[in-house]
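# Structural features, examined
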Amino acid sequence: MNSVQQTRRLEEFKRSVTNKFNVYNSLFLSLPYQNIENVGVLIPLLFDQCEKGLKAGKTPQEILDTFFTNFVEIKDERKRLDFMFKIIQYVERQVVLYDSVEDSAFPKLQKYTNSLSIKDYFELVNRSKNWDQISKKLSTFSARIVLTAHPTQFYTPAILDIIAELRALIDENRIDDIDLSLQQLGLTSLVNAKKPTPLDEAKNIIHILRYTYYNAIGELFQYVKSNIRDEDFSNYNIIKLGFWPGGDRDGNPFVTAEMTRKVADELRLTLMKCYYNELKALRKKLTFKELREDLMELSNKLYKAMFDANTLIGYDEIMARLSKIREKLVGNYHELYLKQLDQFIDKVHIFKTHFASLDIRQDHSMHKLVVETVLKQQGAIKESLEELDDKTLQEWLLQKDIKLNPADFDEDIVKDTIQNIQQLGEIQASNGEDGCNRYIISNSEDIYAVLFVFGLFRWCGWKSEEITFDIIPLFETMKGMEAAEAVMQKLFDTDSYRKHLERRNETHTIMLGFSDGTKDGGYLKANWSILKTKETLSKVCKKNGIKAIFFDGRGGPPARGGGKTHRFYAAQTKDVANHEIQLTIQGQTITSTYGTTEQFMHNSEQLLTAGLNNNLYGKEHTISAAQRKLIETLSELSFEKYDALKQHGKFISYLENRSTLKYYTKANIGSRPGKRGNKKQLTLSDLRAISFVGSWSQLKQNVPGYFGLGTAINKLKEEGNLKEVKKLYNDVPFFKALMNNSMMSLAKTNFDLTSYMKEDDEFGEFWNILHEEYQLSKKMLLEISGLKILMEDEAVSRESVKIRENIVLPLLVIQQNALYHITQDSEYKELYEKIVTRSLYGNINASRNSA
């Protein structure tokens, strides 16, 4: 972004965000709530004490003690705890208010951005007369946004509605109504009273589908259609929605076959409500005699289908009825309101009867357990699959016919897996084939990850030639990624699986996981391995005549594969297959990046332009052999440093005893447990990437987002190669995108918060290792980028991060203080634990992409 534009954007940000937030925040802090008079007024004082105290090296205990002694005169510990709870409630709501103000300013800030819109692309095409090429690409290109239920989204539908209302009121500066909404916010609970079920999680996200995405995707489609100069443009898959809540059973025992069925019904019923309401509005316009009966019949059918899960109306029937109405409108009524009718018809083409595709996901180890149990029952093995050679095992999976009945098995997971695969055909019958046609296997490391699922489908009553599912391996560990090429080649060489691929349009989707990759291999190595794996898999698929589609499991923050998504896709090399972009969006990224119609349209558009960018414009990204060698060296050096940290005797116990790790499961955030399995001893491999990254984020140490980079770059500097690394940053967009994301992680880091730990007998040395690497990484990244401060060239993002970090600073100090008191076995230990759990919410919501 050029400096003039950046300056203007920053000015607009200060006008529309900073100033407005300060005005509404002062209004909010002076609102009287039951039993908490004057608390709001004291928050700025507490912030000031926290900021000055931490800079002066004071501990959180000292800061709070000074505050309670000098400003509020509360000596009693129990009363201090009550006061801290009230502060947390206020801060949580300040975050909601800030979110609303920032969302409201989004369209204004977009005027000063240099990210290219679809329209800009078309103008470029105009100049270069590349029309046929872009039309062809857009007629098949697609971005699939898959919404996941990972427990990082805390706003309940009630709060989301208040945010939407505030956003609208802030747009119009309606101060009295804002006052009322802030009072409502103050009295509405932000917290789930009990742990949500997977159905609750699904309903929360379906709420966003209904009230935002239904119209936003329709608008985006019309926008592309109107700019492409192709009357017959009919790529209804240009933006597809995927859905994991209710289908993703990996590590979540609460997602059962019954739950999957309920969520599939909920998606379809909600879509029928959207159709019914849009048709109802159309009926008020299409008041013509010959249309009345047709419109009423369709309306009645949709009405029944939106309340009764057993009453179905199929996509073909809806289309046939709408086509008949359209014909009469064109023939007899001068095409009046035809545009509105056509827009509705386009939406039906896009969403059909499923709204979003429900993906099924399970861990490979669970399928192994099911196959083992079945083959024991069949007498093929005594105890373990290892008793069979590959040829015999594959014969069972690919040729032998077994008829499974869930009732013949005792273990819940075995029963449920069979039940679920048996009912998938019924889900396809009611929601359409697109409604559920992908089965993802996490922790895939060999061919059996895929073949077990193929075999289970056969044993559950599916004929081989009728399996209407893509079976998608998820390579997420370093071991999985190293094996990926050989695994795919073996699968292509397996005759009956190759025939399955012919029936699936010679296309294979392969998922790559960033979260566990980063946890496993550290930041640079994980991301570099994923790019290399994509290149080799693109090659192996091409060689076998298969179209490769990559599905990226990207979390919210850089440490879990997130960060600036557009930057990431635009920086892929020319050796990566680019037929479709697929990625997961989760937690508060759903509401923060795709939460309003404007944001959804802008960010989806950015995905499409990133995909087009690699095909049509600019130089194709290549990374030379010398550059690859340099990235490889940096990747190995940083991995060594990160791996040494993981092997450190205090690594797990530091997280268990000095972070919020064990409080994630207590927070009633999501339905899924914080770790896989139920072993007593916590191991890194069992740890969920979300709680792992989230815990570092709450400590404001963000270790997985940069650890090892400083050491790696410094080593090359010592060897006299710093110039080469600087050149790498400037010349290789992929490397630059990674380094910039890392600098964002560093910008959200605040070691002052935990500096009291450096004197800790048990963890002092460990804390110092973290702190030294943070300082070195910051120094080295600034040196290779030529920037003076972190995020220097992203002034608005930097400013936003700063305001958010300031809002939650009192919360973090209160949280650290509570963690300290828990280690001291305080008589109020339970209350301090509650404080830690409660403070998770505000902090993660404030970070917007922290977990």
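All figures in this text were calculated on a predicted structure; none of them were measured in a lab.

### Describing the overall build of the protein chain
- Helix and strand counts for the protein chain come out as 33 helices and nine strands.
- Computed over C-alpha atoms, the radius of gyration of the protein chain comes to 28 Å, within 12% of the 29 Å expected from 2.2 N^0.38 for 851 residues, which places it in the range of a compact globule.
- Judged by the C-alpha coordinates and their principal axes, the protein chain covers about 80 × 70 × 60 Å.
- Within the protein chain, residue pairs in contact and separated by at least 24 positions form 81% of the contacts whose partners lie at least 6 positions apart.
- As displayed, the protein chain has an accessible area near 34,000 Å², and 48% of this comes from carbon and sulfur atoms.
- Computing the positive centroid from 115 side-chain charges and the negative centroid from 115, the protein chain places the two 3 Å apart.

### As for the sheet that holds strand β7 (residues 507-513)
- Pairing within the open sheet is parallel, and its nine strands lie in the order β3-β2-β1-β9-β8-β7-β6-β5-β4. One side of each edge strand has no neighbouring strand; the edge strands of this open sheet are β3 (357-358) and β4 (360-363).
- Summarising the sheet, strand β5 (residues 438-442) and strand β6 (residues 470-475) pair through four bridges and their orientation is parallel. Each residue of the ladder has a partner; that of I440, found in β6, is I472.
- Running over the sheet, helix α17 (residues 448-459) touches β5 and β6 and is turned about 135° from β5.
- In the packing of helix α18 (residues 478-493) onto the sheet, contacts are made with β6 and β7, and the angle to β6 comes to roughly 155°.

### Notes on the pairing of β6
- Burial within β6 is extensive, with five of its six residues counted as buried.
- In the classification by handedness, the crossover that spans β5, the intervening α17 and the parallel β6 is right-handed.
- For β6 and β7, the ladder comprises two bridges, and the chain directions are parallel. Across the sheet, the residue bridging to L474 is M511, located in β7.

### Considering the packing of helix α1 (residues 3-29) against helix α8 (residues 175-187)
- Axis separation between α1 and α8 bottoms out at 10 Å; the angle between their running directions is 50°. The angle between the axes of α1 and α8 places the two elements in the oblique class. Crossing handedness for the pair α1 and α8: right-handed. Here Y24, L27 and F28 of α1 come into contact with α8, specifically with I175, I178, D179 and L182.
- Along the lines of polarity and charge, the residues of the contact of α1 with α8 split into six nonpolar, no polar and one charged.

### Quick look at the packing of aromatic side chains
- Taken as a whole, this structure holds 33 aromatic pairs when the rule is applied.
- Ring pairs connect the aromatic residues Y214, Y275, F344, F351 and F355, which therefore count as one cluster.
- One Lys or Arg, K352, reaches over the ring of Y315 and ends 5.5 Å from the middle of that ring.
- Across the ring face of W396, the terminal group of K400 is positioned such that the distance to the ring centre comes to 4.3 Å.

### Comments concerning the environment of F763
- Inspection of the secondary structure puts F763 in the loop between α30 (733-747) and α31 (764-785).
- Beyond its immediate chain neighbours, meaning those up to four positions away, F763 contacts K650, S653, Y654, N657, R658 and M757.

### Quick word on unusual backbone geometry
- Here F355, not a glycine, exhibits a phi torsion of approximately 70°, which is positive.
- You can see F355 is positioned in the loop between α13 (338-351) and β3.
- A relative accessible area of 2% places F355 in the buried class.
- Although it is not a glycine, K700 sits at a positive phi angle of roughly 60°.
- As for its position among the elements, K700 is in the loop between α27 (689-698) and α28 (709-718).

### Comments concerning helix α15 (residues 390-398)
- Among the residues making up α15, those that are buried are L393, Q394, W396, L397 and L398.
- Against α14 (364-377), α17 and α19 (495-503) lie the buried residues of α15.

Basis of the calculations
Residues numbered from 1 in each chain as written. Predicted model: local features only at pLDDT ≥ 70, side-chain atom pairs only at ≥ 80, totals over all residues. Heavy atoms only, no water. Helix = DSSP H or I, 4+ residues; strand = E, 2+ residues; numbered from the N terminus. Rg over C-alpha atoms; globule rule 2.2 N^0.38 Å. Contact = heavy atoms within 4.5 Å. Areas by Shrake-Rupley, 256 points an atom, 1.4 Å probe, with all protein chains shown as cover. Lys, Arg positive; Asp, Glu negative; His and termini not counted. Charge placed at Lys NZ, Arg CZ, Asp CG, Glu CD. Pairing = 2+ DSSP bridges. Axes fitted to C-alpha atoms, helices over the stretch in contact; angles between N-to-C directions. Buried < 20%, exposed > 50% of the residue type's maximum accessible area, 1.4 Å probe, protein only. Right-handed = clockwise from strand over helix to strand, strands pointing away. Parallel < 35°, antiparallel > 145°, perpendicular 65-115°, else oblique. Left-handed = near helix turned anticlockwise from the far one by under 90°. Nonpolar A, V, L, I, M, F, W, Y, C, P; charged D, E, K, R; others polar. Phe/Tyr/Trp six-rings, centres within 6.5 Å; stacked < 30°, edge-to-face > 60°. Lys NZ or Arg CZ within 6 Å of the ring centre and 35° of its normal.

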